[in-house]
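Residues per chain are reported as follows:
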Amino acid sequence: MQNVLADRDLLESLAAEVETNLERHIAVAPEWQPHDYVPWDAGRNFAFLGGTDWEAAQSELSEVAKTALTVGVLIADNLPAYHREVGKYLRSGPWWRWVGRWTAEENRHEILIRNYLMVTRAVDPVALERMRMAHMTTGFRRAPMHLPDVLAVWALEETAAAVRHRNTARLADNVMVATIADRLAADDELQAIFFANLVGAALDVAPDQTVRAIADRIADFHVPVVQLADGRSSDEVLAEAGIYDPARQPELVFAPLLEQWKIFTRTDFGAEGEQARAELAHLRPEA
């Protein structure tokens, strides 16, 4: 049986790897500005400032694009809750610097999508604000986790977000929406690499603990869900639109990460690690 490392010991053991990956992330992440993606000359005042309030005919986006961007901005708006959930585990040295960088990048997504939606009058701003208030009031909270679980779940989350945004770009009938979605997906993919690399490093330090965390987090994985104004849930709507279908998670999210982590070819698992690997066997490429 392998020794079980406390979270504080894992935090210290992986600190140098975090520093290396943070430096790599900053070096490869292109600088981009949210304001560059917003057609400001299309904007005008709402009635409160003497202009015209929103009407459905003002929107030029398809229902698919509107739904995808609405879900995207509502999830990003709930950033304080996500920041709390990841930050409460990673509060020292390079870990905390990464949390700050990740939060700043995610906040930039919210700024871009909201500005685009408001300036182009793509969606009802009143309905969007009411959904935002409800979504943030409900908040987001996970059960307590150990460090390997935190790293695994965020690798899964960011990989899934990239899939959602890439599919939005592919399906969008609006060039600017596709451009925005591709931009967000590129950020998500780099963030996923960061978390996935840390999972890989954790596997080298504590193989059984980490593969156990991977199996547990895959078993209960689900993307954030938003309640839309018409009463439907975002997971249902996005699946119907072909943007994100939970049924394809094994293929698009889980399998690529398991391959990257060499879960089915590693030779350093003890009995507990082998049990966790057995629980993941249905995700083997040949399965």
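These lines cover the structure that appears in this document, whether it is placed above or below. (Residues numbered from 1 in each chain as written. Predicted model: local features only at pLDDT ≥ 70, side-chain atom pairs only at ≥ 80, totals over all residues. Heavy atoms only, no water.)

## Digging into the packing of aromatic side chains
Here's step 1: This model, assessed by the stated rule, comprises seven aromatic pairs.
Here's step 2: By way of ring pairs, the aromatic residues Trp98, Trp102, Trp154, Phe194 and Phe195 are connected into one cluster. (Phe/Tyr/Trp six-rings, centres within 6.5 Å; stacked < 30°, edge-to-face > 60°.)

## What about helix 6 (residues 125-138)?
Here's step 1: In a regular helix each residue adds 1.5 Å, so 14 residues correspond to 20 Å; helix 6 covers 20 Å between its end C-alpha atoms and thus fits that length.
Here's step 2: Where helix 6 is concerned, the buried positions are Pro125, Leu128, Met131, Arg132 and His135. Seen from one end, helix 6 has its buried residues packed into an arc of 120°, which puts them on one side. Facing away from the buried side of helix 6 by more than 90 degrees, the exposed set consists of Arg130, Thr137 and Thr138. (Helix = DSSP H or I, 4+ residues; strand = E, 2+ residues; numbered from the N terminus. Expected span 1.5 Å × (residues − 1). Buried < 20%, exposed > 50% of the residue type's maximum accessible area, 1.4 Å probe, protein only. Arc of directions from axis to C-beta.)

## Looking at the nonpolar core
Nonpolar side chains tend to gather and get buried jointly when the protein is soluble and globular.
Here's step 1: In this structure, Trp95, Ile214, Leu258, Trp261, Ile263 and Leu280 are the most contacted members of the largest nonpolar core, which totals 86 residues.
Here's step 2: Residues within four places of tryptophan 95 in sequence aside, it is in contact with Leu11, Leu14, Ala15, Val18, Leu90, Leu147, Leu151 and Leu198. (Core = buried A, V, L, I, M, F, W, Y, C linked by side-chain atoms within 4.5 Å. Contact = heavy atoms within 4.5 Å.)

## Observations concerning unusual backbone geometry
Here's step 1: Although it is not a glycine, arginine 121 adopts a positive phi angle of roughly 55°.
Here's step 2: Although it is not a glycine, lysine 262 sits at a positive phi angle of roughly 55°.
Here's step 3: Looking at where lysine 262 falls in the secondary structure, it is placed in the loop between helix 11 (249-260) and helix 12 (271-279).
Here's step 4: Judged by its relative accessible area of 52%, lysine 262 is exposed.

## Concerning the side chain of glutamine 191
Here's step 1: Looking at the secondary structure, you find glutamine 191 in helix 8 (residues 175-205).
Here's step 2: Looking at glutamine 191, its side chain comes within polar contact range of the side chain of glutamate 105, at 2.8 Å.
Here's step 3: A polar contact of 3.2 Å, which involves the side chain of glutamine 191, links it to the side chain of glutamate 106.
Here's step 4: Those residues in contact with glutamine 191 that sit more than four places away from it in its chain are His25, Trp98, Trp102, Glu105, Glu106 and Glu158. (Polar contact = N/O pair within 3.5 Å; in protein donor to acceptor, adjacent residues only side chain to side chain.)

## Some thoughts on the pattern of salt bridges
Here's step 1: The final tally for this structure, using the stated rule, is 20 salt bridges.
Here's step 2: Here lysine 66 ties to glutamate 63 by a salt bridge, and the two come within 2.8 Å at their closest N and O atoms. Linking lysine 66 with glutamate 63, this pair stays in helix 3 (residues 63-77), spanning three residues, or about one helical turn.
Here's step 3: Here lysine 66 falls in the buried class, since its relative accessible area comes to 17%.
Here's step 4: For glutamate 251, the salt bridge identified is with arginine 248, shortest N-O distance 2.8 Å.
Here's step 5: Each member of the salt-bridge network shares a partner with another, and the members are Asp77, Glu110 and Arg114. (Salt bridge = Lys/Arg side-chain N within 4 Å of Asp/Glu carboxyl O.)

## Some thoughts on the environment of glutamate 279
Here's step 1: Looking at the secondary structure, you find glutamate 279 in helix 12.
Here's step 2: It is 51 Å that separates the C-alpha atoms of glutamate 279 and glutamine 58, two residues lying 221 residues apart in sequence.

## Looking at the packing of helix 7 (residues 147-171) against helix 11
Here's step 1: Taken N-terminus to C-terminus, the directions of helix 7 and helix 11 make an angle of 130°; their axes are 9 Å apart at the nearest point. Of the possible angle classes, the one that applies to helix 7 and helix 11 is oblique. Seen from above, helix 7 lies across helix 11 with right-handed handedness. Between helix 7 and helix 11, the residues in contact are Ala155, Leu156, Thr159, Ala160 and Val163 and Leu252, Val253, Phe254 and Leu257, respectively. (Axes fitted to C-alpha atoms, helices over the stretch in contact; angles between N-to-C directions. Parallel < 35°, antiparallel > 145°, perpendicular 65-115°, else oblique. Left-handed = near helix turned anticlockwise from the far one by under 90°.)

## What about the environment of glutamate 105?
Here's step 1: Within the fold, glutamate 105 resides in helix 5 (residues 93-120).
Here's step 2: Taking relative accessible area as the criterion, glutamate 105 reaches 3% and is therefore assigned buried.
Here's step 3: Taking the C-alpha atoms as reference points, glutamate 105 and aspartate 188, 83 residues apart in sequence, are found 9.3 Å from one another.
Here's step 4: Ignoring anything within four residues of it in the chain, the contact list for glutamate 105 reads His25 and Gln191.
Here's step 5: In this structure the side chain of glutamate 105 is engaged in a polar contact, spanning 2.8 Å, whose partner is the side chain of histidine 25.

Interpretation in functional terms is not warranted from these geometric data alone.
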